[in-house]
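Chain residues, written in single-letter form:
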Amino acid sequence: MPSPVAAVVRLSDAERAELVAWSRRTTSSNGLAVRARIVLAAAEGLGNTAIAEKLAISVATARKWRSRFLRDRSDGLLDEPRPGRPRTVTDTHVEQVITRTLETAPKDATHWSTRGMATEVGLSQSAVSRIWRAFGLQPHRQDAWKLSKDPLFIDKVRDVVGLYLDPPERAVVLCVDEKSQIQALDRTAPVLPMLPGVPARATHDYKRAGTSSLYAALDLATGTVIGSLHQRHRAIEFKKFLTTIDRNVPAEFDVHVVLDNASTHKTPAIKRWLLAHPRFHLHFTPTSSSWLNLVERWFGELTTKKLQRGTHRSVRELNADIRAWIKTWNANPRPYVWTKTADQILDSIAKYCTRINDSGQ
C-alpha cells in the first residue's frame, strides 16, 4: 500500500537544468515534458495530490513518476523499450544489398530487379524494395547525357545567353530551327473516343502518307512564330525561309538569328544572301546543344499538343493542320523567359563533369 506521505525529492543543479529543458519540450515530446514538470513540482515540496491538481493529471500518474525518478533519477523518466517483433533485416543485410546493387550485375540481365536481388541475398522482395527506396536506388532507370565537344562552347553560350538576357535595342531576336521529316500518319482504324473510365484508343499500326519539313522562327520578345513548310530541308529552302523572315520583320529593325550549326546554314549561297542583307546577324549555338535554342521548346509543344496524337491522310492535310495551329498560337502567343545566366550554366556543367569524372574512377 503506498505511503500517505510523499517522498522528498532533491535535485542537483545539473538535474534541475535538465528537467527544466525537458519541461519546455513541444508537443512532439509532451509526455516527457509532463514528467519533468511533475518532478520539478515535487522538488518544490508539493505532494502528489497538489501536483495532480496543478498539472491536471491523476494522483496515480504523479505518484508513478515521482517514484520512478527517486529510483532511477532522470533515466527513469524516459520511455522504456517496448516488446515487439525482433528485427530481421540487419545492418549487414542492408550493406550487402547496397553493395551488390551498386557494384555487381546479375548473370542474366544488365541490372538488378527486386526479385533477383531478394533471391541473391536471401531476403524478401519487399525488404529489398524498402532498402532501395531508403537509399534512393533505382536500377531500372537510366538517364542519357551528352556533352558538347565544340571548342568555342563557352564563347557561344555567353553569346546566345547574353542575347536572351539583354537583347539589343531596335532589333528583333529570333530563335530559328527546322523540324524535318514530320510524318503524315493515318491509323488503320478510326480512333475510339474517350469514355468514362476508358481512355481514347488508337491502333498501334498506321499508314504513312509522306513527310513535311517545318522552318520556324520564334520571336524572343513576343512569342510569335513565323513558320514555313517545305517538302525538303536543303540550303535553298533555308534561303527561302530567310527571305520570309525578311518580309515579316519591319525594315527599321536589325535581325539577330539564333540557330544551330547545320551545314545548310553555312553554304556559299547563304553567305551571299547574308552579305546582301547586312541587318541579319547569326548567332550559332554550340554543337550538340539544341537545348540552348528556345524554338526547340516550342517544337515540343507542337509535338505534344498537335502531332503526337494527330491523324493525317495526306501531307496537304498535315500542312494545313500545322498552319492552323501556328495561327492559333500567334493569336495568343506566350513568350518563353530565359532565366539562367551564362556563368550559372557553365558552373552547372563544370560540377556535372566533375561528378561523372569522379564516379568513373
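All of the points below concern the structure found in this document. Only a predicted model underlies this, so the values are computations on that prediction, with no experimental measurement involved.

**Points about the overall build of the protein chain**
Per the secondary structure count, the protein chain includes 13 helices and 5 strands. Taken over C-alpha atoms, the radius of gyration comes to 36 Å for the protein chain, far larger than the 21 Å a tight globule of 361 residues would show. Dimensions of the protein chain along its principal axes, counting C-alpha atoms only, are 110 × 55 × 50 Å. Every one of the 361 residues in the protein chain was classed for burial, and the buried ones make up 34%.

**Quick look at the sheet that holds strand 5 (residues 280-284)**
In sheet architecture, strand pairing relies on hydrogen bonds along the backbone and comes in two forms, parallel and antiparallel. Strand order across the open sheet formed by 5 strands is 3-2-1-4-5, with mixed pairing between neighbours. If you trace the sheet from one side to the other, it starts and ends with strand 3 (225-230) and strand 5, each paired once. Here the average twist between neighbouring strands, direction ignored, is 30°. Across the sheet, helix 9 (residues 235-248) is in contact with strand 1 (171-187), strand 2 (206-219), strand 3, strand 4 (254-259) and strand 5; its angle to strand 3 comes to roughly 150°.

**Looking at unusual backbone geometry**
Non-glycine residue Arg170 carries a positive phi angle of around 50°. Summarising the element assignment, Arg170 is placed in the loop between helix 8 (153-165) and strand 1. For Arg170, a relative accessible area of 57% corresponds to the exposed category.

**Notes on the nonpolar core**
One finds Val157, Tyr164, Leu214, Leu294, Trp298 and Ile322 to be the most contacted residues of the largest nonpolar core, which totals 34 residues. Those elements that provide at least two residues to this core are helix 8, strand 1, strand 2, strand 3, helix 11 (295-307), helix 12 (315-331) and helix 13 (342-360). With 6 residues, helix 8 is the single largest residue contributor to this core. Those residues within four positions of Leu294 in sequence are excluded, and the remaining contacts are Tyr164, Cys175, Leu218, Leu220, Tyr336 and Trp338. Formed by 18 residues, the second largest nonpolar core is a distinct cluster that contains Leu174, Tyr215, Leu242 and Leu274.

**Some remarks on the pairing of strand 1**
When strand 1 meets strand 4, the two strands line up parallel, connected through 5 bridges. Counterpart to Val172 in the pairing with strand 4 is Val255. Sheet topology places strand 1 next to strand 2; 11 bridges connect them, and they run antiparallel. Bridge pairing in strand 2 links Leu185 to Arg208.

**Let's talk about the pattern of salt bridges**
In the structure shown here, the tally under the stated rule is 11 salt bridges. As a salt-bridge pair, Arg234 and Glu237 come within 2.8 Å of each other at their nearest N and O atoms. A relative accessible area of 36% places Arg234 in the partly exposed class. With relative accessibility at 5%, the residue Glu237 sits in the buried group. A salt bridge links Lys306 to Asp321; the shortest N-O distance between them is 3.6 Å. One end of the pair, Lys306, is in helix 11; the other, Asp321, is in helix 12, and 15 residues separate them in sequence. It is possible to trace a salt-bridge network through shared partners that takes in Arg297, Glu301 and Lys305.

**A closer look at the packing of aromatic side chains**
Tallied over the entire structure, the rule returns 10 aromatic pairs. On the numbers, 6.2 Å between centres and 40° between planes, the contact of Tyr215 with Phe238 is tilted. Of the two residues, Tyr215 is situated in strand 2 and Phe238 in helix 9; the sequence distance between them amounts to 23 residues. Taking the centre distance of 5.7 Å and the plane angle of 55° together, the rings of Trp298 and Phe299 count as tilted. Phe299 gets classed as buried once you look at its relative accessible area, which sits at 4%. Taken together, the ring pairs in this structure connect Trp298, Phe299, Trp325, Trp329 and Tyr336 into an aromatic cluster. The ring of Phe253 carries the charged tip of Arg170 above its face, separated from the ring centre by 5.7 Å. Over the ring of Phe284 we find Lys266; its NZ or CZ atom is 4.9 Å from the centre of that ring.

Analysis parameters
- Residues numbered from 1 in each chain as written.
- Predicted model: local features only at pLDDT ≥ 70, side-chain atom pairs only at ≥ 80, totals over all residues.
- Heavy atoms only, no water.
- Helix = DSSP H or I, 4+ residues; strand = E, 2+ residues; numbered from the N terminus.
- Rg over C-alpha atoms; globule rule 2.2 N^0.38 Å.
- Buried < 20%, exposed > 50% of the residue type's maximum accessible area, 1.4 Å probe, protein only.
- Pairing = 2+ DSSP bridges.
- Axes fitted to C-alpha atoms, helices over the stretch in contact; angles between N-to-C directions.
- Contact = heavy atoms within 4.5 Å.
- Core = buried A, V, L, I, M, F, W, Y, C linked by side-chain atoms within 4.5 Å.
- Salt bridge = Lys/Arg side-chain N within 4 Å of Asp/Glu carboxyl O.
- Phe/Tyr/Trp six-rings, centres within 6.5 Å; stacked < 30°, edge-to-face > 60°.
- Lys NZ or Arg CZ within 6 Å of the ring centre and 35° of its normal.

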